Amino acid sequence: MPVTDIFETRAAFSFEVFPPKTDAGMDKLCGAGGVLEQLYTLHPDYISCTYGAGGTNVGKNLEVLKKIQKDGCCTPVTHFTCVGNTKEGMRSQLQTYLDNGIDHVLALRGDLPFGWTGTGGDLHYATELVKFIRREFGDRFTIAVAGSPEGHIACRSLEADIAFLKQKQDNGADYIMTQLCWDMDQFRRWLDAIRAAGIWMPVDVGIMPVLDMAATINMALSRNGCVMPRELSRMISRHWVFPNPFDKEPFDAAAEEKKAAFKEEGIAYTIRQIDEYRACGIDGIHLYALNKYEDVARIAREAGLLDEI
């Protein structure tokens with residue numbers, strides 16, 4: 001069933017995973033009794049899998065998605081970028097997905113590798129990629145696109161970012177998967193603004209669970225330029241690991257206790273944020289599973305995302 005059909009009847013629930021770089025990691029994710037099979041027990045509508053720039057990890061990405069497709073428990077959705085990619089290469093890779101029964105794609109420009117000033121490929125923006133997929137494959141793909149409630153870090157203004165999102169819709173996109181955003185006031189303003197701009201696409205909200213202090217800071221600042229609300233900043237300060245949470249060998253004797261306490265507070269924080277998002281009337285919750293099961297299962301259950309009747 002296309003994900004868009006689900007949005008017409010109820011809010012969707014889904015996960016994001018990434019293709020591991022090692023055989024051991026692949027076995028942990030895709031093997032018998034692995035993370036994917038554990039996630040299926042939560043009955044997600046779809047599971048998306050990330051994709052390296054220019055298809056650098058396309059082999060393992062496809063392997064993960066083929067596993068999801070073969071198991072038949074939910075819809076596989078591939079991320080797909082135009083960084084370092086030619087039209088011929090993209091056409092071939094997208095056809096390969098279709099040949100393997102994978103017909104949902106998140107169309108992205110992709111993060112530029114360190115030192116790059118452009119995509120180094122035939123297409124330069126996600127708007128172009130959406131148009132390319134529609135022109136080459138018609139309606140054979142359901143196309144998701146990224147939405148940035150705080151504006152993409154590389155875009156000149158939030159207004160321009162919304163205009164580009166409208167262009168993605170005009171070029172044939174079907175629904176929005178939002179980037180990380182902890183600032184709920186800004187999310188509400190953005191949601192009102194995109195509707196006022198004539199963007200009718202369903203909004204599926206991406207949620208990164210707050211579990212690890214260093215990962216939280218890294219995700220906020222290294223790629224997304226996200227606002228960290230005071231409540232989250234105070235959580236980090238309250239459990240700060242000295243000299244800093246990025247140090248592999250901290251001299252803080254209470255480091256492990258602080259990390260555990262932060263994780264507990266972070267899970268509660270994530271659940272409260274899901275509550276706020278759902279109160280906005282959004283169309284889905286997309287949890288970044290981080291290739292793990294226990295924490296996201298607990299969050300989904302305690303947030304009331306699972307139908308356990």
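What this report covers is the structure whose coordinates are included nearby. Here the structure is a predicted model, which means the values were calculated and not measured. (Residues numbered from 1 in each chain as written. Predicted model: local features only at pLDDT ≥ 70, side-chain atom pairs only at ≥ 80, totals over all residues. Heavy atoms only, no water.)

Some words on the overall build of the chain
Stage number 1. When helices and strands are counted, the chain shows 12 helices and eight strands.
Stage number 2. For the chain, the spread of C-alpha atoms along the principal axes amounts to about 60 × 50 × 45 Å.
Stage number 3. Considering the chain as a whole, with its 309 residues, one finds that 53% of them fall into the buried category.
Stage number 4. The long-range share in the chain, meaning contacts at least 24 apart out of those at least 6 apart in sequence, stands at 77%. (Helix = DSSP H or I, 4+ residues; strand = E, 2+ residues; numbered from the N terminus. Buried < 20%, exposed > 50% of the residue type's maximum accessible area, 1.4 Å probe, protein only. Contact = heavy atoms within 4.5 Å.)

Observations regarding unusual backbone geometry
Stage number 1. Here the bond from F242 into P243 is cis, since omega is 5°, no more than 30 degrees from zero.
Stage number 2. With respect to the helices and strands, the residue P243 is situated in the loop between α10 (230-238) and α11 (255-279).
Stage number 3. In this structure, H43 is a non-glycine residue whose phi angle is positive, near 55°.
Stage number 4. Positive phi is not limited to glycine here, since L290 has a value of about 55°.
Stage number 5. Its location among the elements puts L290 in the loop between β8 (284-288) and α12 (294-302).
Stage number 6. Look at L290 and you get partly exposed, because its relative accessible area is 36%.

A closer look at the environment of A107
Stage number 1. Tracing the backbone shows A107 in strand β4 (residues 104-108).
Stage number 2. Here the alpha-carbon distance between A107 and I133, two residues 26 residues apart in the chain, equals 8.7 Å.
Stage number 3. Every residue in contact with A107, bar those within four places of it in the chain, is listed here: F80, A126, L129, V130, I133, I143, A144, V145 and A146.

Considering the packing of helix α8 (residues 184-196) against α11
Stage number 1. Running from N to C, α8 and α11 cross one another at 20°; their axes reach a closest spacing of 11 Å. Considering the angle they form, α8 stands roughly parallel to α11. The way α8 lies across α11 gives a crossing that is right-handed. Across the interface between the two elements, M184, F187 and R188 of α8 pack against Q273, E276 and Y277 of α11.
Stage number 2. Here the residues of the contact of α8 with α11 sort into three nonpolar, one polar and two charged. (Axes fitted to C-alpha atoms, helices over the stretch in contact; angles between N-to-C directions. Parallel < 35°, antiparallel > 145°, perpendicular 65-115°, else oblique. Left-handed = near helix turned anticlockwise from the far one by under 90°. Nonpolar A, V, L, I, M, F, W, Y, C, P; charged D, E, K, R; others polar.)

Some points on the sheet that holds β8
Stage number 1. With parallel pairing, the eight strands of this closed barrel are ordered in space as β1-β2-β3-β4-β5-β6-β7-β8. Direction aside, neighbouring strands of the sheet carry axes that sit 25° apart on average.
Stage number 2. Note: strand β2 (residues 46-49) against strand β3 (residues 75-81), four bridges, orientation parallel. Within the sheet, the bridge partner assigned to I47 lies in β3 and is P76.
Stage number 3. Against the sheet, α11 contacts β7 (203-207) and β8, and its axis sits at roughly 170° relative to β7. (Pairing = 2+ DSSP bridges.)

Some remarks on the layout of surface pockets
Stage number 1. Of the voids in this model, the second largest pocket is the one considered here, and its volume is about 350 Å³.
Stage number 2. In terms of lining residues, the second largest pocket is bounded by 16 residues, among which R10, A11, F13, L305 and L306 are the most central. (1 Å grid on protein atoms, 1.4 Å probe; cavity = no way out; pocket = protein on both sides within 12 Å on 5 of 7 lines; lining within 4 Å. Points joined across faces, edges and corners; volume = space filled by probe spheres on them.)

Looking at the pairing of strand β1 (residues 12-17)
Regular strands place side chains that alternate from one sheet face to the opposite one.
Stage number 1. For β1, a buried count of six out of six residues is recorded, marking the element as mostly surrounded by other parts of the structure.
Stage number 2. Here β1 shows no split at all, with A12, S14 and E16 on one side and F13, F15 and V17 on the other all buried.
Stage number 3. Judged from the five bridges that link them, β1 and β8 form a sheet pairing that is parallel. The partner of F15 across the bridge, within β8, is L287.
Stage number 4. In terms of strand pairing, β1 meets β2 through four bridges, oriented parallel. By the bridge assignment, V17 is partnered in β2 with C49.

So, the environment of A300
Stage number 1. Inspection of the secondary structure assignment puts A300 in helix α12.
Stage number 2. The exposure class assigned to A300 is buried, which follows from its relative accessible area of 0%.
Stage number 3. Taking the C-alpha atoms as reference points, A300 and I274, 26 residues apart in sequence, are found 9.2 Å from one another.
Stage number 4. Aside from chain neighbours lying at most four places away, what touches A300 is F13, L287, L305 and L306.

Topic: the packing of aromatic side chains
Stage number 1. Overall, the coordinates contain eight aromatic pairs when judged by the stated rule.
Stage number 2. Summarising the aromatic geometry, the rings of F187 and Y277 are spaced 4.7 Å apart at their centres and angled 90° between planes, so their arrangement reads as edge-to-face. Here Y277 lies in helix α11 and F187 lies in helix α8, a separation of 90 residues in the sequence.
Stage number 3. Three or more aromatic residues link up through ring pairs in this structure, and these residues are F7, Y46 and Y175. (Phe/Tyr/Trp six-rings, centres within 6.5 Å; stacked < 30°, edge-to-face > 60°.)

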